[in-house]
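The chain contents come next:
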Amino acid sequence: MGTERTKQIDAAASAWLIRRDSGSWSAADQACLEEWLNASALNRVAFLRLELAWEDAARLKALGAGVAGDRPPPPGHWNLTPFFDPHASGEDISAQPEAGSKYPRLGRRRFRFVAAAMLLLVIGVGAYLELARSGELYATPIGGLASVPMADGSQVMLNTDSQIRIALTDTERRVELGHGEAFFEVSKDAARPFVVRAGNKRVIAVGTKFSVRREGNDIEVVVTEGKVRVEHGAAVHGSGVDGSADVFLTPGSIARAGDAGVLVQRKSLPEAEEQLSWRSGVLMFRDQGLGEAAAEFNRYNVRKIVIRDPAVAALKIEGNFRATNVEAFVRLLESGFPVRAETQADQIVLAAK
């Protein structure tokens, strides 16, 4: 669809919105609006987008000029400002569809009014519109898990303290991973690749199951089904990789990508699945150093485990633990290891007995 066509639809949607909230809306007007909305999905999308932006603009004090008090004017009274006063120019701002037309009729002066209204929306709620274009934002707190269904049938499981932004287009399904970790069950759609962006790295799939964990500029990718491609500009290292910038991962693969390159480990599928035990709220440790285990627990709990003694951090542990029950984990350590714990307001300090 051309730019001019888009502008026409946006202008018509804005005119309908202004007319509806001008205070002289009738049942006939509503019927005409419904006819225009039903004429095209593009009409409806444009109207809903501007309607949401307009409602958000009601919270801006800038639109309250000339209104007493420190609150913005309520819907239906935005035209109290001199900028929106139709009587200032003597122009009737009503927008009725022409005979045989699905669009409101706009005269030159009337179109200038609509254009001014759209300009104010761009100035006043530009951040909101940019947010809408870049997708919907989802986040979890520390210790939280969330399942996010996508409109294409894919599913996203968000781990603790994670943030993603989802945007679907006709050519791509894009997820921006701001921080944290997410597991993706991707529905098959060969025409629209599923792309996870994390900094300067991209993980691309069509129909598969995999996770991406981001810490700063580093990511870890675990694949449990299908095949994914990791794009990275640096050199690549690891078993079975030919040194190209693109790395293809199959089930059981665990890839770690940083500034220096990509390291790929080939593991059995059950071993890879253990990396994703967090989906059921469980942390699984297999002959792991206590320092590493403590760091993992700290991702899920506000009260952090602190280990200053290298000998304590090097102790090997094994078992399955509830991710958010750090107190029970520490009690087990005290009963089975030469470790004592000192609990403080925001941390638990582990030291040798």
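Everything in this summary refers to the structure shown in the same document.

What counts, and at which threshold
- Residues numbered from 1 in each chain as written.
- Predicted model: local features only at pLDDT ≥ 70, side-chain atom pairs only at ≥ 80, totals over all residues.
- Heavy atoms only, no water.
- Helix = DSSP H or I, 4+ residues; strand = E, 2+ residues; numbered from the N terminus.
- Buried < 20%, exposed > 50% of the residue type's maximum accessible area, 1.4 Å probe, protein only.
- Contact = heavy atoms within 4.5 Å.
- Areas by Shrake-Rupley, 256 points an atom, 1.4 Å probe, with all protein chains shown as cover.
- Expected span 1.5 Å × (residues − 1).
- Arc of directions from axis to C-beta.
- Pairing = 2+ DSSP bridges.
- Phe/Tyr/Trp six-rings, centres within 6.5 Å; stacked < 30°, edge-to-face > 60°.
- Core = buried A, V, L, I, M, F, W, Y, C linked by side-chain atoms within 4.5 Å.
- Salt bridge = Lys/Arg side-chain N within 4 Å of Asp/Glu carboxyl O.

What about the overall build of the protein?
In step 1: Tallying secondary structure elements over the protein gives nine helices and 19 strands in all.
In step 2: Within the protein, the proportion of its 353 residues that are buried is 41%.
In step 3: Nonlocal contacts in the protein, meaning residues at least 24 apart in sequence, comprise 50% of its contacts between residues at least 6 apart.
In step 4: Within the structure as shown, the protein displays about 18,000 Å² of accessible surface, and the carbon and sulfur contribution to it stands at 53%.

Re helix H2 (residues 27-39)
In step 1: Relative to the 18 Å expected for 13 residues at 1.5 Å per residue, H2 spans 18 Å between its end C-alpha atoms, a close match to the ideal helical length.
In step 2: Looking at H2, one finds that the buried residues are Asp29, Leu33, Trp36 and Leu37. When H2 is viewed along its axis, its buried side chains cluster within an angular range of 100° and face the same direction. Exposed side of H2, more than 90 degrees from the buried face: Ala27, Ala28 and Asn38 are the residues found there.

Some thoughts on the pairing of strand E17 (residues 316-322)
In step 1: Where burial is concerned, the two faces of E17 differ: the one with Ile317, Gly319 and Phe321 is buried and the one with Lys316, Glu318, Asn320 and Arg322 is not.
In step 2: Bridging between strand E15 (residues 282-289) and E17 involves six bridges; their strand directions are antiparallel. Bridge assignment links Val282 to a residue of E17, and that residue is Arg322.

Overview of the environment of Gly252
In step 1: One can find Gly252 in the loop between strand E12 (246-249) and strand E13 (253-258).
In step 2: By relative accessible area, which is 1% here, Gly252 ends up buried.
In step 3: Distance in space between the C-alpha atoms of Gly252 and Pro270 is 7.8 Å, their sequence separation being 18 residues.
In step 4: The contact partners of Gly252, leaving out residues within four places of it in the chain, are Val223, Gln265, Arg266, Lys267, Ser268, Leu269 and Ala272.

Considering the packing of aromatic side chains
In step 1: Applying the stated criterion to the full structure yields nine aromatic pairs.
In step 2: Seen from their ring centres, Phe285 and Phe297 are 6.0 Å apart, and the 50° between their planes marks the pair as tilted. With Phe285 in strand E15 and Phe297 in helix H7 (residues 290-298), the pair connects residues that are 12 residues apart, well separated along the chain. One exposure class covers both Phe285 and Phe297, and it is buried.
In step 3: An angle of 20° between the planes, with centres 4.2 Å apart, marks the rings of Phe297 and Phe329 as stacked. Taken together, the positions of Phe297 in helix H7 and Phe329 in helix H9 (residues 326-336) put the pair 32 residues apart, joining distant regions of the chain. Of the two residues examined, Phe297 and Phe329, each falls in the buried class.

Concerning the nonpolar core
In step 1: Core analysis: the largest hydrophobic core is formed by 29 residues, its most contacted members being Phe184, Val196, Val203, Phe210, Val212, Val221 and Leu249.
In step 2: The element best represented in this core is strand E5 (residues 173-185), accounting for four residues.
In step 3: Setting aside residues up to four positions removed in sequence, Val221 forms contacts with Val203, Phe210, Ser211, Val212, Val228, Val230, Leu249, Ser253, Ile254 and Ala255.
In step 4: By size, the runner-up hydrophobic cluster in this structure holds 25 residues, among which are Ile254, Leu283, Leu333 and Ile348.

Brief notes about the pattern of salt bridges
When their charged atoms lie close together, side chains carrying opposite charge are able to pair.
In step 1: Counting across every chain of the model gives 19 salt bridges.
In step 2: The closest approach of N and O atoms between Lys209 and Glu225, which form a salt bridge, is 3.9 Å. In this pair, Lys209 is assigned in strand E8 (residues 209-215) and Glu225 in strand E9 (residues 218-225), connecting sequence segments 16 residues apart.
In step 3: Judged by relative accessible area, which is 28%, Lys209 ranks as partly exposed.
In step 4: Here Arg256 makes a salt bridge to Glu220, at a shortest N to O gap of 3.0 Å. Here the residue Arg256 occupies a position in strand E13, and Glu220 occupies one in strand E9, the gap between them amounting to 36 residues.
In step 5: Assessed through its relative accessible area of 15%, Glu220 is described here as buried.
In step 6: Taken together, the shared-partner salt bridges connect Glu181, Arg213, Glu215, Glu296 and Arg299 into one network.

Structural measurements only, silent on function.
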